[in-house]
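What follows is each chain in one-letter form.
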Amino acid sequence: MRHEDKPTMRHDRMCGSRCLGPMTFNLDMTGQYVSLSQGRRLASRDSSTFLNGLVFLSRTVKVDEKLCVCIEDCTSSWDGALRVGFTNICPQRNNIPPASIPDLRDAQGYCVVPVPEDLCRRGVELQFWMNYAGMVIIQEKGGEKYYLKTKGLNLNHPLWVFIDLYGSTSAVRLLGSRRGSRTSCPVCPVDGGIDWLTRQFERQMSEEEQSDNHKTDTRMVQKTSSNWKPSLFLVQFANQTTIPSIIERSDLTRAGLGIPVQRRSQESRGVDLTWTWRELNCFICSRYPLVNLDSIGFHFAKADKRGRLCRLHADTLKKIKKELGDSELYIIPGTDIVLNEMTAHTLSSVVNPNAFCPSRSPPPAPAQQRERLTSTNSYLSDSSRNSSMEEMDVSSLLREFQHTHLSANGQVSVLVSRKKLLQSAKDALSNCNFSWTKIPLVTFVGEQALDCGGPRREFFRILMMEVQSSLGIFEGPSGHLFFTYDQMSLEEHKYELAGKLIAWSVAHGGPGLKAFDPCLYQLMCTQECQLVDFDWHLIPDDDIQDKLKKILSCKTTKDLHRLQREHGDWICDCGFPGIYRPEISIQDVPKIYSYAVRHYIYLRTSNMIHQFTKGLNAYGQFWDMVRTHWVEFLPIFTNMHEPISRSTFTALFQIHWSKAGTKKRAAEEETLHYWELVLQMIENKKAPQNELHFEEILAFITGADEVPPLGFSQKPSIHFYQPEERGCRLPYANTCMMRLFLPRVVKDKVELYRMLLRAIRDSAEFGRT
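The structure presented is a predicted model; accordingly, all values stated were derived computationally and were not measured. (Residues numbered from 1 in each chain as written. Predicted model: local features only at pLDDT ≥ 70, side-chain atom pairs only at ≥ 80, totals over all residues. Heavy atoms only, no water.)

A. The overall build of the chain, seen in detail. Check the secondary structure of the chain and you find 25 helices and 28 strands. Burial analysis of the chain (769 residues in total) assigns 50% to the buried set. Long-range contacts, defined here as pairs at least 24 residues apart, represent 72% of the contacts in the chain between residues at least 6 apart. When the accessible surface of the chain is totalled, it reaches about 37700 Å², and 49% of it is carbon and sulfur. (Helix = DSSP H or I, 4+ residues; strand = E, 2+ residues; numbered from the N terminus. Buried < 20%, exposed > 50% of the residue type's maximum accessible area, 1.4 Å probe, protein only. Contact = heavy atoms within 4.5 Å. Areas by Shrake-Rupley, 256 points an atom, 1.4 Å probe, with all protein chains shown as cover.)

Rendered as structure tokens:
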């Protein structure tokens, strides 16, 4: 073993099972002018050229694995800067192009992201990753996030990462990676220095020590003076009765509410207990400069043990301090506060997959913010609302939602008839004993199964299919559903019912709708959406299709005049009365088309959409969370899932073998060989008869046709059984334990395939094998 590999072994022993694996650059996959040093964690490019700086990482990465790098050196001799990218294509030693753009950007299966030049400064630490929504996210430590929607990458396949030391960026150091609580932190270079993990530990201990010293100093001040430094928190709503969740606290603070911003003049300043109420009022108002608290008024509250806000009625500051103790002082406004729009603007579009999408114009911003928004990298879009250091992916958001709302012990029985599944769900919701916060225990009528997870997964999977197809409130092709304009369904609250059922499913680990048209979903989330390129073929109404087609066919002034005569009144009804203005020109055709599309897919059915989101919000304000984190929830509401690949499907399972060297073990190994050949037949679509899909097999084993957003509670497994001497027992599954049982003796792959096909297609109910 080479000397440079030894630190990685030491790191593995130190990190143990919490380590994602060593993270280094690939010595054999570098550009012509790239050199690696310090244990293959520092990549440097010859600064005499701006090209041939590509370098790949030594292993694949996982979705949501955040890679952290530090820019070690820059040069002013060249324009342009660092680029990072992902690919499903295994890199080849003799196929490293001189630059990632345009060589890899224009190639199928690659995604290249130019990092903003103002972030590419010496000493800056950056992290970047791919999330489950197919977005590449780049963030400076403690800064804003930048997004790019990818196209052509399969998140179920391995992801290789490459870095292009382009232009002014001449050296980059790998600091490691993190995915949840698991890390891949490279040790320090071989040539000396303190271990990276040691530095992090010492930094943490130093911060804790400073914090302890600060607390000690504060206690001393309190004992010797009348100075008091309460922890303040401003909530948004006048009628707020409970403390905000972790997510809400972060969002409110970024919006100028929540925890006040520290100023230098205020760092050593607290509340003097001898102040009058007027002086206290001025102090509180000065801590929240973006909110006009002096006009709307406010009062104080504290939280009890159950997280409920209780108003403080003390008439002096000393009494407030005594009543509050060590708790946080909540400030309740006299009227609801409208959040600053500048802090809420986010991605304008995820429909264009090949370019960064500019955000809609924000309101006036401070000078520093204006400089950032008008920089040369304005083609990148930021989302300050989601700029926390700890990325809240959809899994984290849902776990936080469950922790906040769901009952750990409460259970509710749900009796389901397969023939009337949707009606069974409606009956469950209308039952006086129903509570969406309790864990549903699903029983299918006439089937022998105790719900330990399997029946519940199957119930929610089929329920989401029924919501799409049987409620009668959606129309359009699969993956591009729109709301129907149905006043009768509105009166019967069917749209609200659909929202409740979807929130119920997702809250308990089930699937979402995964069917909305992406443009409609963006508009529902109050995001700007470029509709000029909307495909009119997706509209389910033939008459509207014809009208939209005629709008796009306008090429001359004569065509525009004909459009005015034939469809002018309809275009007016779509919210564009300017169609009859004398100054209207052919240049306005894209705007006319956008207005017409927006009216049909969104504004026309706004009452239906409002009732639908009301249903979602009925269960824990679920839609408010979705709208705030709309990018993360794209896979829940739109069809972004690639078909499951063989490699992904195989990686889901663990094998339970008999003892090595036994006859049973030999038979099991032969069966598993045929199992792999069956999976290969499915992947290559060379089945001898009716075609099976990986999703069908997964649903047969687990009750879910894809990995849920929160993952499976345990790893699915494959077991073996001894076939009976007479008759033929088919493969069977235990969906609660997520176990597939295969026979130890099987003739060949064709026989195993036919047995699986019959078992899956003929066993649509629990208790049948």
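B. Inspection of unusual backbone geometry at higher detail. The omega angle of the peptide bond from Ile-101 to Pro-102 is 10°, so this bond is cis rather than trans. Among the secondary structure elements, Pro-102 is positioned in the loop between β6 (83-87) and β7 (110-114). If you check the backbone angles, Asp-64 has positive phi at about 70° while not being a glycine. As for its position among the elements, Asp-64 is in the loop between β4 (54-57) and β5 (66-74). Of note, Gln-621 is a non-glycine position whose phi angle comes to about 55°, a positive value. Tracing the chain through its elements places Gln-621 in the loop between α19 (606-617) and α20 (622-628). The exposure class assigned to Gln-621 is partly exposed, which follows from its relative accessible area of 45%.

C. Quick peek at the nonpolar core. By size, the foremost hydrophobic cluster in this structure holds 94 residues, and its most contacted members are Phe-459, Trp-504, Phe-622, Phe-633 and Phe-637. Here this core takes nine residues from helix α14 (residues 494-507), the largest share from any one element. Among residues more than four places away in sequence, those in contact with Phe-622 are Leu-398, Phe-401, Ala-503, Val-506, Leu-616, Asn-617, Phe-633 and Phe-637. (Core = buried A, V, L, I, M, F, W, Y, C linked by side-chain atoms within 4.5 Å.)

D. Region of the structure containing the sheet that holds strand β19 (residues 329-333). Spatially, four strands are ordered β15-β19-β17-β18 in an open sheet, and the strand pairing comes out mixed. The sheet terminates laterally at β15 (232-234) and β18 (309-311), the two strands that pair on one side only. Each neighbouring strand pair of the sheet contributes to a mean axis angle of 40°, computed without reference to strand direction. Sheet topology places strand β17 (residues 298-303) next to β19; four bridges connect them, and they run antiparallel. Opposite Phe-300, over in β19, you have Ile-331 as the bridge partner. Of the strands in this sheet, β15, β17 and β19 touch helix α5 (residues 277-287), which is tilted by about 80° from β17. (Pairing = 2+ DSSP bridges. Axes fitted to C-alpha atoms, helices over the stretch in contact; angles between N-to-C directions.)

E. A look at the packing of aromatic side chains. By the definition in use, this model includes 34 aromatic pairs. With a centroid separation of 5.3 Å and 90° between ring planes, the pair formed by Phe-434 and Trp-504 is classed as edge-to-face. Of this pair, Phe-434 sits in the loop between α11 (421-430) and β22 (439-444) while Trp-504 sits in helix α14, placing them 70 residues apart in sequence. Owing to a relative accessible area of 0%, Trp-504 belongs among the buried residues under this scheme. With centroids separated by 4.5 Å and ring planes inclined at 10°, the aromatic side chains of Tyr-732 and Phe-741 adopt a geometry described as stacked. For the pair Tyr-732 and Phe-741, one class covers both residues: buried. Through a chain of ring-to-ring contacts, the aromatic side chains of Phe-474, Phe-483, Tyr-495, Phe-516, Tyr-521, Phe-612, Trp-623 and Phe-637 assemble into a single cluster. If you follow Arg-604 out to its NZ or CZ, it ends over the ring of Tyr-600, 3.9 Å from the centre. Over the ring of Tyr-721 we find Arg-729; its NZ or CZ atom is 5.9 Å from the centre of that ring. (Phe/Tyr/Trp six-rings, centres within 6.5 Å; stacked < 30°, edge-to-face > 60°. Lys NZ or Arg CZ within 6 Å of the ring centre and 35° of its normal.)

F. Structural view of the pairing of strand β3 (residues 42-45). Sheet topology places strand β2 (residues 34-37) next to β3; four bridges connect them, and they run antiparallel. Bridged to Leu-36 within β3 is Ala-43. Hairpin connection from β2 to β3: four residues lie between these consecutive antiparallel strands, with Gln-38 at a positive phi of about 55°. Pairing analysis gives three bridges linking β3 to strand β12 (residues 169-179), with the strands arranged antiparallel. Directly across from Leu-42, in β12, lies its bridge partner Arg-173.

G. Examining the sheet that holds β6 more closely. Taken in spatial order, the five strands line up as β1-β4-β11-β6-β7 in an open sheet, and their pairing is antiparallel. Of all the strands in the sheet, the pair left with one neighbour each is β1 (25-30) and β7. Across the sheet, the mean angle separating the axes of adjacent strands is 30° when strand polarity is ignored. The sheet contact formed by β1 and β4 spans two bridges and is antiparallel. Looking at β4, one finds that Thr-30 is bridged to Val-55.

H. Molecular detail of the pattern of salt bridges. The full count for this structure, using the stated rule, is 22 salt bridges. Between Lys-494 and Glu-492 there is a salt bridge, and its shortest N-O distance comes to 3.6 Å. By relative accessible area, which is 47% here, Glu-492 ends up partly exposed. Arg-646 serves as the salt-bridge partner of Glu-683, at 2.9 Å between the closest nitrogen and oxygen. (Salt bridge = Lys/Arg side-chain N within 4 Å of Asp/Glu carboxyl O.)

I. Broad picture of helix α18 (residues 589-603). Relative to the 21 Å expected for 15 residues at 1.5 Å per residue, α18 spans 20 Å between its end C-alpha atoms, a close match to the ideal helical length. Residues Val-589, Ile-592, Tyr-593, Ser-594, Ala-596, Val-597, His-599, Tyr-600, Ile-601 and Tyr-602 constitute the buried set of α18. Looking at the buried positions of α18, the neighbouring elements they touch are β23 (474-475), β24 (482-483), α15 (518-524), α16 (542-552), α17 (557-573) and α19. (Expected span 1.5 Å × (residues − 1).)

J. Inspection of helix α25 (residues 749-762) at higher detail. An ideal rise of 1.5 Å per residue puts 20 Å on 14 residues; α25 measures up with 20 Å between its terminal C-alpha atoms. Along α25, the residues classified as buried are Leu-752, Tyr-753, Met-755, Leu-756, Leu-757, Ala-759 and Ile-760. Looking at the buried positions of α25, the neighbouring elements they touch are α23 (663-684), α24 (694-702), β26 (717-721) and β28 (739-743). The distance from a side-chain oxygen at the start of α25 to the backbone nitrogen of Val-750 is 3.2 Å, and the residue carrying that oxygen is Asp-748. (Polar contact = N/O pair within 3.5 Å; in protein donor to acceptor, adjacent residues only side chain to side chain.)

K. The environment of Asp-28, seen in detail. Take Asp-28: it is sitting in strand β1. With 66 residues separating them along the chain, Asp-28 and Asn-94 place their C-alpha atoms 9.1 Å apart.

L. Seen up close, the side chain of Arg-59. Here Arg-59 lies in the loop between β4 and β5. Overall, the relative accessible area of 17% leaves Arg-59 in the buried class. At 2.7 Å, the side chain of Arg-59 forms a polar contact with the side chain of Glu-65.

M. The arrangement of the confidence of the model for the chain in detail. Looking at the chain as a whole, its pLDDT mean stands at 79, while 81% of the residues score no less than 70. The spread of mean pLDDT over the elements of the chain runs between helix α9 (residues 367-373), the lowest at 33, and β24, the highest at 96. Segment residues 214-224 is flagged for pLDDT under 50; beyond a separation of four residues in sequence, or across chains, it makes three contacts in the model. (pLDDT = per-residue confidence, 0-100.)

N. View of the pairing of β6. A large share of β6 lies buried, amounting to five of its five residues. Neither face of β6 is left uncovered, since the one carrying Arg-83, Gly-85 and Thr-87 and the one carrying Val-84 and Phe-86 both have all their residues buried. As defined by bridge partners, β6 adjoins strand β11 (residues 160-164) across five bridges and the pair is classed as antiparallel. Considered in β11, the bridge of Gly-85 is made with Phe-162.

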